[in-house]
Amino acid sequence: MLPNLKSRRITGLQLAGKHLGPVAKCPPRYSEEDWDYNNKIKFRITCDQEKLAERIVEESRRVVDETKDTTKSWQREVEHHMRERTSEIRFLVDELNRQKKTATLEDEALNTYRNRVLNCIEFLKDKSLAICKQCLILREGRIGVDLCDDEVDRSLRRELKVIKGCQGLADAALKEAEEQIRKLRAAIYLLDQDLAAKDKSLAIDEKNLKLKDFQHDLGKGQDLSKQHCQFSLTEWQAQTYENLEANAKALVSAGQLRAYIDLLLKQVCEDMQNQTDRTNEAFERRISETKHVKQCLENKHKDTMDHIHQVQRNMTELEKEMMDKQRAITLCQTRLSNRAHRPGLELTCDMVQDALYNELQALKASVCKLNQKLNENKASMRYLMHVQVMQEEEINIKANTCKIDEVDCMTLRQALKYQTF
């Protein structure tokens with residue numbers, strides 16, 4: 001190594017006192033050996049420092065190349081993972097969008113089915129139930145014996161029971177539809193939240209992919225190496241798949257509910273239409289029976305009127321005949337009275353007198369018979385008049401029943417046309 005030239009240089013210095021610094025004296029004279037030795041030492045030091053510098057430069061270049069390669073490698077790996085990540089997120093975003101679109105369409109379809117159920121409930125309440133009750137109220141307006149518990153009343157009560165049963169089923173289906181719509185919209189909300197987060201994350205990663213280290217607008221990044229992520233990748237995937245699974249279950253349940261509502265509405269329409277047809281048939285049979293009875297009563301009323309006129313004519317003939325017999329009796333009595341004024345022996349009971357007596361008795365007997373028949377005709381007339389009034393009352397009752405059933409009820413029931421809503 002280098003010799004200690006320091007000692008040789010210090011020999012030219014001398015201390016001037018205890019607390020005084022060195023005082024320079026005239027520099028000493030060196031020998032040629034010292035000069036030669038000094039040059040060699042300086043040259044050697046220079047060579048050593050140059051070699052050290054070259055080695056440091058070489059090491060620096062190697063470290064630069066190594067760090068550059070390491071940086072590029074890490075950047076490539078990071079970008080590769082970011083591309084994979086963006087691809088995975090994009091796939092999940094597409095799946096979430098597809099599920100959301102399907103759920104939105106299903107929500108619209110289920111809302112349409114809910115409106116169909118509401119239309120069914122409204123029709124059953126405002127039409128079917130109101131018309132059935134109105135028919136029962138109108139039929140209470142029947143009078144007399146027609147106010148009976150007939151097949152029409154029984155059919156109307158059965159129809160009322162069927163309507164209330166269908167209303168119960170429709171109300172239950174409406175509650176299920178509203179609950180399913182709520183679940184479906186909750187699933188759509190979760191999908192929207194997940195989509196918003198993934199869209200933001202995807203935008204961040206895509207932006208990071210576009211960033212390069214040679215750009216001048218990178219800004220000042222913060223050192224977040226010590227920041228820990230709140231969730232693991234497994235939790236992230238589990239949350240997304242849980243949302244997708246919940247949405248899929250909601251879609252399946254919604255599809256099943258729509259199929260059930262379809263079947264329910266079809267069954268309600270069939271049941272209501274069948275019961276309405278049976279009730280209408282009962283009305284038609286009852287109307288036909290009432291019209292037939294009314295026609296028979298009208299025919300009997302016509303016959304009764306003919307009999308009344310016949311009895312009236314017979315009574316007129318009997319009265320005329322009795323008047324004739326009364327004149328004949330008066331004639332006979334006058335003759336007898338005149339013959340009673342015969343003089344003396346002429347006042348005999350001859351054949352003329354006997355004939356007059358017999359005629360008078362016969363006339364009186366005829367008058368009694370005619371009077372008896374006249375009384376019988378009068379009694380028959382009273383009975384016929386009573387029957388006439390009874391028939392007219394029954395005809396009015398049947399006419400009132402026909403009006404209620406055919407005009408009032410059947411006109412209302414024409415609005416009962418069931419379809420699948």
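Computed from a predicted model, the values in this text were never measured in an experiment. (Residues numbered from 1 in each chain as written. Predicted model: local features only at pLDDT ≥ 70, side-chain atom pairs only at ≥ 80, totals over all residues. Heavy atoms only, no water.)

1. A short note on the overall build of the chain
Threshold: The numbering of helices and of strands both runs from the N terminus, where a helix is a DSSP run of H or I of at least 4 residues and a strand a run of E of at least 2. In this scheme, a residue with accessible area under 20% of its type's maximum is buried, one over 50% is exposed, and one in between is partly exposed, where area comes from a 1.4 Å probe on protein chains only. The contact criterion used is simple: two residues touch if any of their non-hydrogen atoms lie within 4.5 Å. Surface accessibility in these figures is a Shrake-Rupley result with a 1.4 Å probe; residues are shielded only by whichever protein chains are displayed.
The helix and strand inventory of the chain stands at five helices and two strands. Counting every position in the chain, which comprises 421 residues, the buried fraction comes to 28%. Taking contacts inside the chain between residues at least 6 apart in sequence as the whole, the part at least 24 apart equals 87%. With an accessible surface of roughly 29,100 Å², the chain has 56% of that area assigned to carbon and sulfur atoms.

2. Digging into the pattern of salt bridges
So the rule is basically this: The term salt bridge refers to a side-chain nitrogen of Lys or Arg lying within 4 Å of a carboxyl oxygen of Asp or Glu.
On inspection of all chains with the given rule, the structure shows 34 salt bridges. Notably, a salt bridge pairs E245 with K249, separated by 3.7 Å at the nearest N-O pair. Taken together, the residues E245 and K249, both in helix α4 (residues 233-339) and four residues apart, mark about one turn of the helix. Its relative accessible area of 47% is what places E245 among the partly exposed residues. Classification of K249 by relative accessible area gives exposed; the value is 53%. Of the charged contacts in the structure, one is a salt bridge between E394 and K398, with a shortest N-O distance of 3.1 Å.

3. Regarding the nonpolar core
Put simply, the test is: By nonpolar core is meant a set of buried Ala, Val, Leu, Ile, Met, Phe, Trp, Tyr and Cys residues that side-chain atoms within 4.5 Å join together. Domain start and stop points were drawn from an automatic or database domain assignment.
In this structure, I261, M272 and Y418 are the most contacted members of the largest nonpolar core, which totals 37 residues. Taken together, the elements giving at least two residues each to this core come down to α2 (32-139), α3 (151-210), α4 and α5 (351-413). A domain-level breakdown of this core finds at least three residues from each of domain 1 (73-211 + 233-288) and domain 2 (300-414). If sequence neighbours within four positions are ignored, M272 has contacts with L124, S128, V162, I163, C166 and Y418. Within the second largest apolar cluster, 16 residues are counted, among which are M315, L363, M381 and L384.

4. Considering the UniProt feature "coiled-coil region" (unreviewed entry) in the chain
Cut-off, in case you're wondering: UniProt positions are given in the numbering used here, feature names are shortened, and annotations may be inferred rather than shown by experiment.
The positions that UniProt labels "coiled-coil region" (unreviewed entry) are, in the present scheme, residues 167-194 and 280-328. End C-alpha atoms of residues 167-194 are separated by 40 Å, and the span's content is 100% helix alongside 0% strand.

5. Comments concerning the packing of aromatic side chains
How we decide: Stacked, edge-to-face and tilted are the three classes for Phe, Tyr and Trp ring pairs, Trp counted by its six-membered ring, which pair at centre distances within 6.5 Å; planes under 30 degrees apart are stacked, over 60 edge-to-face, the rest tilted. To sit over a ring, a charge needs its Lys NZ or Arg CZ within 6 Å of the ring centre and within 35 degrees of the ring normal.
Applying the stated criterion across every chain, the model contains one aromatic pair. With centroids separated by 5.3 Å and ring planes inclined at 75 degrees, the aromatic side chains of F123 and Y418 adopt a geometry described as edge-to-face. Here F123 is found in helix α2, whereas its partner Y418 is found in the segment after α5, with 295 residues between them in sequence. Looking at R85, its charged tip hangs above the ring of W236, at a distance of 3.8 Å from the centre. Over the face of the ring belonging to Y113 we find R116, whose NZ or CZ atom lies 4.9 Å from the ring centre.

6. Some details on the environment of H80
Considering the arrangement of structural elements, one finds H80 in helix α2. Using a relative accessible area of 37% as the deciding quantity, one classes H80 as partly exposed. When the C-alpha positions of H80 and L209 are compared, they lie 9.4 Å apart, and in sequence the two are 129 residues distant.

7. Details of the side chain of N247
How we decide: Here a polar contact is recorded for every N or O atom pair within 3.5 Å, except that within protein the pair must consist of a potential hydrogen donor and a potential acceptor, and residues adjacent in sequence are included only if both atoms are side-chain atoms.
With respect to the helices, strands and loops of the structure, N247 is situated in helix α4. Side chain to side chain, N247 and Q99 meet in a polar contact 2.8 Å long. Excluding its chain neighbours within four sequence positions, the residues that come into contact with N247 are Q99, A103, A187 and L191.

8. Observations concerning the packing of α2 against α4
What counts, and what does not: Axes, fitted as lines to C-alpha atoms, cover a helix only where it is in contact. Angles between the N-to-C directions of the axes lie from 0 to 180 degrees. Every angle not falling under 35 degrees, over 145, or within 65 to 115 is termed oblique; those three ranges are roughly parallel, roughly antiparallel and roughly perpendicular. Rotating anticlockwise by less than a right angle from the far helix to the near helix defines a left-handed crossing, while the corresponding clockwise rotation defines a right-handed one. Note that Gly is not counted as nonpolar here; it falls among the polar residues with everything else outside the nonpolar set of Ala, Val, Leu, Ile, Met, Phe, Trp, Tyr, Cys and Pro and the charged set of Asp, Glu, Lys and Arg.
With their axes 9 Å apart at the nearest point, α2 and α4 run at an angle of 20 degrees to one another. Classified by the angle their axes make, α2 and α4 are roughly parallel. Viewed along their axes, α2 and α4 form a crossing whose handedness is left-handed. A per-class count over the contact of α2 with α4 returns 22 nonpolar, seven polar and nine charged.

9. Points about the side chain of D205
Put simply, the rule reads: Only four residue types enter the charge count, namely Lys and Arg as positive and Asp and Glu as negative; His and the chain termini do not.
Within the fold, D205 resides in helix α3. Put simply, D205 is tucked away with no salt bridge, and the nearest opposite charge, on R85, sits 4.6 Å away. Ignoring sequence-local partners within four residues, the contact set of D205 consists of M82, R85, T86 and I89.

10. Observations regarding the packing of α4 against α5
Look at α4 against α5: their axes get within 5 Å of each other, and the N-to-C directions meet at 165 degrees. Taken together, the axis directions place α4 and α5 in an arrangement best described as roughly antiparallel. Where α4 crosses over α5, the two elements pack in a sense that is left-handed. When its residues are assigned to classes, the contact of α4 with α5 shows 31 nonpolar, 18 polar and 20 charged.

11. As for α5
Inclusion rule: Here a helix's expected span is defined as the number of its residues, less one, multiplied by 1.5 Å. Fitting axes to the seven residues ending at a residue and to the seven starting there, one defines the bend at that residue as the angle between these axes.
Given a rise of 1.5 Å per residue, 63 residues ought to cover 93 Å, and the 88 Å separating the end C-alpha atoms of α5 matches this to within 8%. Along α5, the largest kink reaches about 25 degrees and is centred on K403.

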